[in-house]
Amino acid sequence: MNENGEGLYSAGAGAGLRPRCAAKVTKDALNLSVDIPGLGKEDVRVSLEQNTLVIKGKGGKEDGDEESVRRYTSRIELPEKIFKTDQIKAEMKNGVLKLTLPMMKEDERTDVLHIKVE
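Everything numeric here is computed off the predicted structure, so don't read it as measured data.

**Quick notes on the side chain of Thr52**
Mapping Thr52 onto the fold places it in strand β4 (residues 52-59). Classification of Thr52 by relative accessible area gives buried; the value is 7%. Within the local environment of Thr52, its side chain forms a polar contact with the side chain of Glu77, the two groups lying 3.0 Å apart. The residues touching Thr52, leaving out its near neighbours within four places in the chain, are Ser47, Arg75, Ile76 and Glu77.

**Some points on the sheet that holds strand β1 (residues 20-25)**
Pairing within the open sheet is antiparallel, and its four strands lie in the order β1-β2-β7-β6. Both edges of this open sheet fall to β1 and β6 (89-93), since each of them pairs with a single strand only. Going from strand to strand, the sheet's axes swing by 15 degrees on average, the running direction of each strand aside. Where strand β2 (residues 29-35) lies against strand β7 (residues 96-102), seven bridges are found, and the strand directions are antiparallel. Bridging from a neighbouring strand, Leu32 pairs with Leu99 of β7.

Criteria and thresholds
Residues numbered from 1 in each chain as written. Predicted model: local features only at pLDDT ≥ 70, side-chain atom pairs only at ≥ 80, totals over all residues. Heavy atoms only, no water. Helix = DSSP H or I, 4+ residues; strand = E, 2+ residues; numbered from the N terminus. Buried < 20%, exposed > 50% of the residue type's maximum accessible area, 1.4 Å probe, protein only. Polar contact = N/O pair within 3.5 Å; in protein donor to acceptor, adjacent residues only side chain to side chain. Contact = heavy atoms within 4.5 Å. Pairing = 2+ DSSP bridges. Axes fitted to C-alpha atoms, helices over the stretch in contact; angles between N-to-C directions.

Below is the structure:
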C-alpha cells in the first residue's frame, strides 16, 4: 500500500453497484470516503470479516418495486496487523460514508520483533 492507498483494494464479488472510493493515508490513519448516493446511515452496513472491510448498502425502493432497489457492495482487503480494527469509525452524511482506520504504531505491532543490539 502506498501513500495514496493504491494496492489496497480488491475486486469484490456479488451483484450490485461498486461505490466510488477515495483513500488518503496519514501517519496515524487510513481515511476512506465512499460515495453511496441516495442512501442514509440506516441503509448501510459496514463489517470486518477477517482482514476484509465489507461495505454494503441497500435502499431506494419505490412503491414496493423490488426492481428499483439500489444495492451497493464493496470489499476492501486490509493488510494484516497494520490497523487498530477495534477502533474503526464510520460516519454517513449526505450520501458519503467516511471511514477512519487508525494505524498501529510500530512499537504496538506484534509482527515486529525488535532485536537488542549488544
